Amino acid sequence: MLPSSLPLRRSAFKSCRNVPRSASLVSSTRFLSVSARSPSKITLSNEVRNALASNTPVVALESTIVAHGMPWPHNLETALSIESLIRSKSCVPATVALLDGEIAVGLSPDQLEHLARLGPEATKASRRDLAYLLSRGGTGATTVSATMIAAHLAGISVFATGGIGGVHRGAETTMDISADLTELGRTPVAVVCAGVKSILDIEKTLEVLETQGVPVVSVGTDDFPAFFTRKSGFKSPMSLDKPEQCARLIHKSQELGLQNGFLFAVPIPSQWEAPSEVEDAIKDAVLEAEAKGIRGKHVTPFVLSRVAQLTGGSSLESNINLVKNNATVAAEIALSLTSIKGNDRSAESGHGSTLSSQDSRNRARPLIIGGTVLDITSHFPQEQTEDQSLPGTVTQSLGGVSRNLAEACVRTGGNPLFLSCVGDDAFGDGIVSEMERIGMDTSYVKRVAGMRTAVYSAFVSPSGKLKGAVADMQIHDAIDSHLDFTQIAPAPVCSFDANIPSATMGRIVSWAIEHNVPLLYEPTSSAKCGKIFEIPDPVLAAMSNHANAPQLYATPDTNELFEMSRLCPPQLTNPNTMFLHAITRVSKYFPYLIITRGHLGVTIAIRTTDDSLQMIDVTPSMVFKDVVSVTGAGDSFAGALVTALGKHYEEKKVAPTAAELERFVRRSMKAAELSLEVGNAVNPALDASIFSED
């Protein structure tokens with residue numbers, strides 16, 4: 001806890017720039033139990049839990065490919081890149097593993113690295129191994145069958161992997177048949193893979209799947225693929241051309257209450273199809289395995305490793321790219337399935353959907369643009385004189401108004417795209433890793449070569465007074481050069497803060513007006529809030545034309561409101577400190593003002609079409625006496641508000657009514673209240689449940 005006498009520049013509903021959080025930059029992922037109906041031994045990461053609560057598509061991933069399928073460090077690099085790829089497709093990845101006697105659904109980068117370094121030392125866990133390992137508090141990498149079980153328990157319908165196990169050659173005498181096949185017959189999860197490897201008896205594998213009642217569907221072809229090759233010599237019983245068709249098949253089966261899984265076989269992209277020498281290497285590796293007496297579950301890891309050695313790594317490259325391709329298709333299926341279920345819910349409630357599945361996925365994600373900062377606080381244990389070095393404590397934490405907003409949005413189920421910049425340095429590495437651990441999509445966080453990650457370094461005396469600080473924020477200027485709206489689909493709502501240059505703000509506002517995207521402006525501080533009025537005059541004029549502009553929101557505190565009133569055109573030489581007068585002036589440009597007022601709560605001011613003002617005061621639900629830190633309360637509030645607005649505009653396409661906006665604000669205040677309880681800007685306990693407590 002920071003000393004109570006530490007001076008604050010911003011009120012309790014704002015992120016305080018000179019009081020960085022005391023949370024460690026790297027910490028363990030907080031897991032939460034699934035539900036009372038699910039086994040107590042299964043846990044979900046915050047990211048997965050929030051995604052499921054908010055109907056965001058989730059794609060399950062197995063961990064055997066991490067521990068047994070690839071060598072270090074390719075296994076970790078591949079796992080992280082696949083998770084990032086799935087996030088870039090508007091889905092949430094859920095890698096499954098057994099960790100210390102629990103089934104973990106959703107792993108942090110640290111946990112993935114631990115599993116990758118363990119490699120084959122991690123037990124390869126199939127259905128038969130689950131209870132045994134859990135009872136002994138063990139760690140294991142889940143196979144296809146075990147991952148299907150965990151995904152089904154968690155409520156995840158789609159699972160991406162490299163390939164499934166099958167019937168081994170000579171099974172008529174050895175009875176060596178993978179448990180993956182029987183699992184597909186009894187667990188309703190769709191498995192997206194590249195077929196089965198040519199080392200298996202593909203014909204018998206297809207026969208067993210038929211006996212188990214498993215729909216085997218090749219995607220985009222009639223041929224059943226054989227992992228490294230696009231054609232196995234056998235036709236698939238079924239074929240579909242598009243992921244949307246696959247999703248409809250899953251949905252119909254779910255409507256019927258069928259309990260079988262699905263096998264969607266996706267051919268490896270032609271540019272990565274293995275050359276003939278890979279097939280020769282596979283045959284040699286199989287013979288070598290037989291000569292060494294390698295049997296059962298140890299065969300496939302041995303063969304893959306040996307083939308990679310024999311081919312000089314070319315098979316590994318093919319393996320990595322086919323898994324990425326499968327993950328892409330799985331994400332597209334999961335998106336379509338979510339859209340289909342959403343349309344069903346809309347129809348049942350009497351609200352027909354006018355969006356196609358493509359439109360839905362494009363407009364499903366709020367866009368947040370702004371700064372990412374590493375906050376460093378140095379605490380002196382005693383008063384310091386010049387030229388004196390003293391032992392003390394130095395803490396690091398993630399900061400930046402928009403980064404805090406994005407984290408709060410993620411935790412409340414908003415699934416935003418966060419566009420920011422960090423330097424290509426160690427600080428940037430740590431920040432990106434921590435954001436991914438939290439579950440944030442870092443696809444649009446650009447690493448800028450030759451620039452430093454933004455750092456705010458504060459020096460605090462033993463009495464809690466700020467002795468001085470250094471703010472290195474130059475990299476925020478680089479956001480403009482990386483702002484490519486052609487690569488970003490129109491969003492249901494876009495938020496930006498005042499840390500970015502006014503020229504960048506002008507581009508954002510122009511884009512929003514052109515595409516009718518609602519905007520939320522976070523003024524950041526009294527010193528920066530007026531930068532919005534430095535944008536080009538034509539754009540500023542368009543903001544004041546409420547008939548043609550999109551809905552424009554701003555979330556100033558009282559001091560920022562007065563400063564914005566002073567600086568907005570026409571500027572005042574003798575500022576008026578009347579609250580209503582300030583609202584009247586600023587609402588000309590932001591007709592939806594949500595003014596945070598510390599312990600007084602929030603005032604909502606809506607400028608109506610006839611230029612009258614509708615005002616609503618929302619008081620806090622409780623009085624906090626033991627406040628740990630006010631840092632980030634305002635950012636948590638605004639991030640939750642972005643989630644609420646994003647979901648509203650996605651569903652209704654019109655501005656919220658005053659009553660709806662009041663409800664959004666009241667729910668978002670819960671995020672701010674939670675933030676007051678901890679030293680972090682965003683409380684790790686924050687989740688989507690704040691919107692289900694009406």
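Notes on the structure in this doc start here. Only a predicted model underlies this, so the values are computations on that prediction, with no experimental measurement involved.

Along the protein, the regular secondary structure elements total 22 helices and 25 strands. A burial count over the protein gives 57% of its 694 residues as buried. When the accessible surface of the protein is totalled, it reaches about 27,700 Å², and 51% of it is carbon and sulfur.

Tallied over the entire structure, the rule returns 24 salt bridges. Among the salt bridges present, the one from E660 reaches K652, with a minimum N-O distance of 2.6 Å. Look at E660 and you get buried, because its relative accessible area is 11%. Notably, a salt bridge pairs E662 with R666, separated by 3.0 Å at the nearest N-O pair. Of this pair, E662 and R666 both sit in helix α22 (residues 658–675), four residues apart, which is roughly one turn of the helix. The class of R666 is partly exposed, set by a relative accessible area of 34%. What emerges from the salt-bridge pattern is a single network uniting E47, E83 and R87.

Per the counting criterion, the structure on display carries five cavities of 30 Å³ or more. Considering only enclosed or pocket space, the largest cavity measures out at about 150 Å³ in volume. Lining the largest cavity are 15 residues; nearest its centre among them are L61, E62, I65, I82 and V323. Counting only elements with at least two residues in the lining of the largest cavity, the list comes to α2 (64–69), α3 (74–88) and α13 (314–348).

Quick look at the nonpolar core now. V105, I156, I164, L263, F264 and I333 are the most contacted members of the largest nonpolar core, which totals 87 residues. Here this core takes eleven residues from α13, the largest share from any one element. Sequence-distant contacts of I164, defined by excluding residues within four places in its chain, comprise V144, D180, L181, L184, V191, C193, G195, V196, L200 and L263. Formed by 51 residues, the second largest nonpolar core is a distinct cluster that contains Y456, V509, I583 and I595.

We now examine the packing of aromatic side chains. Considering all chains together, one arrives at six aromatic pairs under this definition. Summarising the aromatic geometry, the rings of F533 and Y589 are spaced 5.5 Å apart at their centres and angled 65° between planes, so their arrangement reads as edge-to-face. Within this pair, whereas F533 is found in the loop between β21 (519–522) and α18 (537–544), its partner Y589 is found in the loop between α20 (579–586) and β23 (592–596), the two being separated by 56 residues in sequence. The same class applies to F533 and to Y589, which are both buried. When the ring centre of F579 is taken as reference, the NZ or CZ atom of R597 above it lies at 4.4 Å.

Strand-to-strand pairing in sheets goes through backbone hydrogen bonds, with the strands running parallel or antiparallel. Sheet architecture is open: nine strands sit in the order β17-β16-β13-β20-β21-β22-β23-β24-β25, paired in mixed fashion. In this open sheet, the two edge strands, each paired with only one partner strand, are β17 (445–448) and β25 (613–618). Mean inter-strand twist for the sheet, computed between neighbouring axes without regard to direction, equals 15°. Relative to strand β16 (residues 417–423), strand β13 (residues 367–369) runs parallel, the two being bridged by three bridges. When the bridges of β16 are listed, L367 appears paired with L417. Against the sheet, α20 touches β23, β24 (602–607) and β25, its axis set at about 120° to β25.

With mixed pairing, the four strands of this open sheet are ordered in space as β15-β14-β18-β19. Among the strands making up the open sheet, the edge pair consists of β15 (393–399) and β19 (466–472). Put simply, the sheet's adjacent strands are angled 15° from each other on average, direction ignored.

Turning our attention to the side chain of S157. Considering the arrangement of structural elements, one finds S157 in the loop between α6 (144–154) and β8 (158–160). The class of S157 is buried, set by a relative accessible area of 15%. Within the local environment of S157, its side chain forms a polar contact with the side chain of Q254, the two groups lying 3.2 Å apart. Once residues within four sequence positions are removed from consideration, S157 is found in contact with V189, A190, Q254, L337 and K341.

So, on to the environment of Q474. Counting through the fold element by element, Q474 comes out in the loop between β19 and β20 (494–497). The sequence separation of Q474 and T453 amounts to 21 residues, and the corresponding C-alpha distance is 8.6 Å. What Q474 contacts, discounting residues up to four positions off in sequence, is M451 and R452.

Of all eight residues making up strand β4 (residues 92–99), eight are buried, and the element is well covered by its neighbours. By the bridge criterion, four bridges tie strand β3 (residues 58–61) to β4 in an arrangement that is parallel. Looking at β4, one finds that V58 is bridged to V92. Relative to strand β5 (residues 102–105), β4 is paired through four bridges, and the arrangement is antiparallel. If you follow V96 over to β5, its bridge partner there is V105. Where β4 lies against strand β7 (residues 140–142), two bridges are found, and the strand directions are antiparallel. The residue bridging A97 from the neighbouring strand is A141, located in β7.

So, on to the packing of α3 against helix α4 (residues 109–118). Running from N to C, α3 and α4 cross one another at 150°; their axes reach a closest spacing of 9 Å. For the element pair α3 and α4, the recorded crossing hand is right-handed. Residues N75, L76, A79, L80 and E83 of α3 pack against P109, L112, E113 and A116 of α4. When the residues that make up the contact of α3 with α4 are grouped by side-chain class, the tally is six nonpolar, one polar and two charged.

So, about the pairing of β16. Counting buried positions over the seven residues of β16 gives seven, a clear majority of the element. Inspection of the sheet shows β16 paired to β17 by four bridges, in the parallel sense. Across the sheet, C421 pairs through a bridge with K446, a residue of β17.

A word on the side chain of T95. Following the sequence through the fold, T95 ends up in strand β4. Residue T95 is classed as buried on the basis of its relative accessible area of 3%. Engagement of the side chain of T95 in a polar contact is seen with the side chain of E83, the distance being 2.7 Å. With residues near it in sequence (within four places) discarded, T95 still touches L61, E62, S63, E83, A104, V105, G106, L107 and L112.

Let us now look at unusual backbone geometry. Here the amide bond leading from W72 into P73 is cis, since omega sits at 5°, within 30 degrees of zero. The residue after P569, namely P570, is reached through a cis peptide bond having omega -10°. Tracing the backbone through its elements, the reader meets P570 in the loop between α19 (558–567) and α20. At F227, a position not held by glycine, the phi torsion is positive, near 65°. Even without glycine at this site, K653 takes up a positive phi of about 65°. Take K653: it is sitting in the loop between α21 (633–652) and α22.

Cut-off values and rules
- Residues numbered from 1 in each chain as written.
- Predicted model: local features only at pLDDT ≥ 70, side-chain atom pairs only at ≥ 80, totals over all residues.
- Heavy atoms only, no water.
- Helix = DSSP H or I, 4+ residues; strand = E, 2+ residues; numbered from the N terminus.
- Buried < 20%, exposed > 50% of the residue type's maximum accessible area, 1.4 Å probe, protein only.
- Areas by Shrake-Rupley, 256 points an atom, 1.4 Å probe, with all protein chains shown as cover.
- Salt bridge = Lys/Arg side-chain N within 4 Å of Asp/Glu carboxyl O.
- 1 Å grid on protein atoms, 1.4 Å probe; cavity = no way out; pocket = protein on both sides within 12 Å on 5 of 7 lines; lining within 4 Å.
- Points joined across faces, edges and corners; volume = space filled by probe spheres on them.
- Core = buried A, V, L, I, M, F, W, Y, C linked by side-chain atoms within 4.5 Å.
- Contact = heavy atoms within 4.5 Å.
- Phe/Tyr/Trp six-rings, centres within 6.5 Å; stacked < 30°, edge-to-face > 60°.
- Lys NZ or Arg CZ within 6 Å of the ring centre and 35° of its normal.
- Pairing = 2+ DSSP bridges.
- Axes fitted to C-alpha atoms, helices over the stretch in contact; angles between N-to-C directions.
- Polar contact = N/O pair within 3.5 Å; in protein donor to acceptor, adjacent residues only side chain to side chain.
- Left-handed = near helix turned anticlockwise from the far one by under 90°.
- Nonpolar A, V, L, I, M, F, W, Y, C, P; charged D, E, K, R; others polar.

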